[in-house]
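So you can see what is in the structure, the chains are spelled out below.
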Amino acid sequence: MDYKEEQDDELEALKAIYTDEEFKELSSLPWSFEVTVTSEMDGQTVYCVINFTLPEKYPEVVPTVVFVSHSSLSDNQLNILQDLVEKQADENIGMPMIYTLTSEVQCKLQEFLESMKEEEIKRIKDEEERILKAEEAKYKG
């Protein structure tokens, strides 16, 4: 297997998929690059920047993956993302996997946004209920 050729082909595909803002090449020996993964819902956006470094024998060996920055993600959410990427990388050994990994991260970011939205709706309802009870108590008293 020609690892270098396979890596070069995958990098070309990633450059075609992602915009210049989303994909930033850092070095070519070994290949190192950052991908910004973003998810949006109802005007709210979350993102993370992931640094990938491809070992010489990638894709037969998993890449080094580091989450270098993010917006409003908790430590728990970052741990979930890291575990997800490690699991997916192990499952995809032998195949180009960067797009698969970033897609999984994007899906999980979407889940985080949906969860945050649900929590916000619940918080608003709870606050409205608290205010209503306080008003009712005023009139009863």
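Since this is a predicted model, take the numbers as computed values, not measurements. Here, residues in each chain are numbered from 1, in the same order as that chain's written sequence. This being a predicted model, a pLDDT of at least 70 is required before a residue's local features are given, and a value of 80 or more before pairs of side-chain atoms are given or counted; all residues contribute to the totals for chains, interfaces and linings. Excluding hydrogens and water, the side-chain values take into account all heavy atoms of the structure.

A.B. asks: Give a description of the packing of aromatic side chains that names residues and reports values.
C.D. replies: Only the six-membered ring of Trp is used, alongside the rings of Phe and Tyr, when aromatic pairs are assigned; centres must lie within 6.5 Å, and planes under 30 degrees apart are stacked while those over 60 apart are edge-to-face, with the rest tilted. Within this structure, the stated rule accounts for three aromatic pairs. With 5.2 Å between their ring centres and 25° between their planes, phenylalanine 23 and phenylalanine 33 make a pair best called stacked. Of this pair, phenylalanine 23 sits in strand β1 (residues 23-28) while phenylalanine 33 is found in strand β2 (residues 31-41), placing the two residues 10 residues apart along the sequence. Burial here depends on accessible area, computed with a 1.4 Å probe over protein chains only, as a share of the maximum for the residue type. Under 20% is buried, over 50% is exposed, and the range in between is partly exposed. When its relative accessible area of 8% is taken as the criterion, phenylalanine 23 is described as buried. Helix and strand definitions here come from DSSP, where helices need a minimum of 4 consecutive H or I residues and strands a minimum of 2 consecutive E residues; each element is numbered from the N-terminal end.

A.B. asks: Would you mind going over the sheet that holds β2 in detail, with residue names and values included?
C.D. replies: DSSP bridges decide pairing: two strands pair if at least two such bridges lie between them. If you trace the four strands from one edge of the open sheet to the other, you get β1-β2-β3-β4, paired in antiparallel fashion. Because the sheet does not close on itself, it has two edges, and the strands there are β1 and β4 (64-70). Strand-to-strand twist of the sheet, defined as the mean angle between neighbouring strand axes without regard to direction, takes the value 20°. Relative to β2, β1 runs antiparallel, the two being bridged by five bridges. Of the residues in β2, the one forming a bridge with glutamate 25 is phenylalanine 33. Packing of helix α2 (residues 75-91) onto the sheet brings it into contact with β3 (44-53) and β4, and relative to β4 it is tilted by some 155°. Any pair of residues with heavy atoms lying within 4.5 Å of one another is described as a contacting pair. Only the stretch in contact is used when fitting a helix axis, every axis being a line fitted to C-alpha atoms; angles between N-to-C directions are given from 0 to 180 degrees. Packed onto the sheet, helix α3 (residues 98-140) meets β2, β3 and β4 and runs at close to 30° relative to β2.

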